[in-house]
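Next come the chains, spelled out residue by residue.
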Amino acid sequence: VCSRSSVRYSIYSGDPDGYFSIDPVTGTIRISSVVDHEAHQSILLNVQATSGDPPAYGHTQVNIGIEDVNDNAPEFDSSTVRISVPENVELGIPLYAAHARDRDSGRNGVVRYRLASAAGGSSSGGLFAVDSRLGHLTLARHLDYETAQRHSLVVIATDTGEPSLSANLTVLVEVQDVNDNRPVFERAEYTVDIIESLPVNSQSCPLTAVDLDTGNNARLTYRLLRNNNDTREGRKVSTTSSGDEEDGEIFGIFPNSGWIYLRQPLDRETRDSYVLTVAATDNGTPAGTATSRVSVTVLDANDNDPTFTRDIYEFNVEENLARGALVGRVSATDADLDVNSAVRYGLIPSNTSFQINPVTGEIVTREPLDRETKPVHEIMRRRETKACLREALEWLYG
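Residues numbered from 1 in each chain as written. Predicted model: local features only at pLDDT ≥ 70, side-chain atom pairs only at ≥ 80, totals over all residues. Heavy atoms only, no water.

The criterion, for reference: UniProt positions are given in the numbering used here, feature names are shortened, and annotations may be inferred rather than shown by experiment.
Looking at an unreviewed UniProt entry, one finds the chain named Cadherin domain-containing protein and attributed to Diploptera punctata. Database annotation for the chain, UniProt heading Subcellular location (unreviewed entry): "Membrane".

**Notes on the pattern of salt bridges**
We apply this condition: By salt bridge we mean one thing: a side-chain nitrogen of Lys or Arg within 4 Å of a carboxyl oxygen of Asp or Glu. The helix count covers DSSP runs of H or I at least four residues long, the strand count covers runs of E at least two residues long, and both are numbered beginning at the N terminus. The rule is simple: take the accessible area with a 1.4 Å probe, protein chains only, and divide by the maximum for that residue type; under 20% is buried, over 50% is exposed, in between is partly exposed.
One pass over the full model with this rule turns up six salt bridges. With a closest N to O distance of 3.6 Å, Arg150 and Glu174 form a salt bridge. Linking Arg150 in strand β13 (residues 150–159) with Glu174 in strand β14 (residues 166–176), this pair joins segments that are 24 residues apart in sequence. Residue classification places Arg150 among the exposed residues on the basis of a relative accessible area of 56%. Relative accessible area serves as the criterion here: at 27%, Glu174 is assigned to the partly exposed category. The salt bridge partner of Asp300 is Arg268, with a shortest N-O separation of 3.0 Å. With a gap of 32 residues between them, Asp300 in the loop between β25 (289–299) and β26 (307–308) and Arg268 in the loop between β23 (259–262) and β24 (273–282) connect regions that are remote in the sequence. When its relative accessible area of 10% is taken as the criterion, Arg268 is described as buried. Bridged by salt links that share partners, the residues Arg82, Arg150 and Glu174 form one connected network.

**Topic: the sheet that holds β13**
Our working definition: Strand pairing is assigned whenever DSSP detects at least two bridges linking the two strands. Angles shown run from 0 to 180 degrees and are taken between the N-to-C directions of axes, each axis being a line fitted to C-alpha atoms and, for helices, limited to the stretch in contact.
The sheet built from four strands is open, its strands ordered β7-β14-β13-β10 with mixed pairing. The strands lining the two open edges of the sheet, one partner per strand, are β7 (80–86) and β10 (111–115). Each strand axis lies, on average, 30 degrees off the axis of its neighbour in the sheet, ignoring direction. Pairing geometry for β13 and β14, over nine bridges, is antiparallel.

**Topic: the packing of aromatic side chains**
Selection criterion: Aromatic rings from Phe, Tyr and Trp, taking only the six-membered ring of Trp, are treated as a pair when their centres fall within 6.5 Å; an angle between ring planes under 30 degrees marks them as stacked, one over 60 as edge-to-face, and anything in between as tilted.
Evaluation of the coordinates by the stated rule reveals six aromatic pairs. Ring geometry for Phe251 and Tyr274: centres 5.2 Å apart, planes at 75 degrees, overall edge-to-face. Remark: Tyr274 occurs in strand β24 and Phe251 occurs in strand β22 (residues 251–253); sequence separation between them is 23 residues. The exposure class assigned to Phe251 is buried, which follows from its relative accessible area of 0%. An aromatic cluster is present here, built from Phe308, Tyr313, Phe315 and Tyr345 joined pairwise through their rings.

**Considerations on the nonpolar core**
Buried together is how nonpolar side chains tend to be arranged in soluble globular proteins. Applied cut-off: To qualify as a nonpolar core, a set must consist of buried Ala, Val, Leu, Ile, Met, Phe, Trp, Tyr and Cys residues joined through side-chain atoms within 4.5 Å. Contacts were defined at the residue level, with two residues in contact if any of their heavy atoms lie within 4.5 Å.
Phe76, Tyr113, Phe128, Leu137, Leu143, Val155 and Val171 are the most contacted members of the largest nonpolar core, which totals 26 residues. Looking at this core, the elements that each hand over two or more residues are β7, β10, β11 (128–130), β12 (136–139), β13 and β14. Residue contributions to this core peak at five residues, all from β14. With residues up to four places along the chain from it excluded, the contact list for Val155 reads Phe76, Ala98, Tyr113, Arg114, Leu115, Ala167, Asn168, Leu169 and Val171. Counting residues in hydrophobic clusters, the runner-up holds 24 residues, among them Cys205, Ile250, Ile260 and Tyr274.

**Focus on the sheet that holds strand β1 (residues 8–13)**
Read from one edge to the other, the open sheet built from three strands follows the order β1-β4-β5, with strand pairing classed as antiparallel. A single partner strand is all that each edge strand has here, and the edge strands are β1 and β5 (56–65). Neighbouring strand axes in the sheet, compared pairwise and without regard to direction, differ in orientation by 30 degrees on average. Examined bridge by bridge, strand β4 (residues 42–51) and β5 share 10 bridges and lie antiparallel to one another. Of the residues in β5, the one forming a bridge with Val47 is Thr60.

Below you can see the structure in the form of structure tokens.
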């Protein structure tokens, strides 16, 4: 009979990585190298006991379960991701699914998500939220490209082990502009004075509208509304006056700059004011449009000659009248305004027998008249009234 002390123990298979060792005398099994639950959840050792000479053998199996500890932090596929989001995306719609893996088991491998807090509140001012279980990133408040074009978020994945471990994912959010801003004119109504002698194609009034969007959404095209078929945002736009078609023939607008220019000459004596309606439309989809009124006042230019009320004046006077006796009065009118319409009179050529009041047009004698000497006096021979009056003005004013 063999004594207990003559029994020897050994592990002969089941542990190729050498995680365990056995005391050959006592049979105590110990860990000889670090074990990893994620590599092996359990190890089945084949143990042999040997005694006597010749030796006798005994065999048994030892099943060792390796329990998990929270030694692995969650892991994202990358540390940073970029996403692009239109500014009009609805609230609650998943923008991105953050996903982290944890190699641990049980509670140690359960991952929960949250957003890193920013100063004064949640990340990005409470614009975003993340589902704690699914990791879905959503909007808590609407985006506004005009306020901020990009946001940086940090999603934290934390396991539920003790102590918990975590990993961070930086999400860079690029906000895409949508055409959510209509153009706006600097003024609802413009007033401009244009002299009627302004040459054709001259620029007369700059109009400026702004659009807070970007790219094509902010690129504006200007046009004059000329008839009731023009529309704004799907609605008919009433024109400002019955003369809109004519206004469109007189005025034009450069579509890119918004400058109004003359297409035809102006004539204040025919029409002294215009009311134009200008539309600025962006190139987004759907397009936004703004309108503004332009009130044009045509200023007078001295482009009209005076005109006598009659082509020929004939006056009969008695002879031997005293000096300064009234012979008659001539009258001329001018279609211009103010100083341009002020008429002055003069005699052509100068005459020793008569003189004319330059303001009133009254003709008076400068000396007594003698019928026997000269029965008829021609003090102004009308070749052409306008030409004669022009000569008179030159004679008066040098």
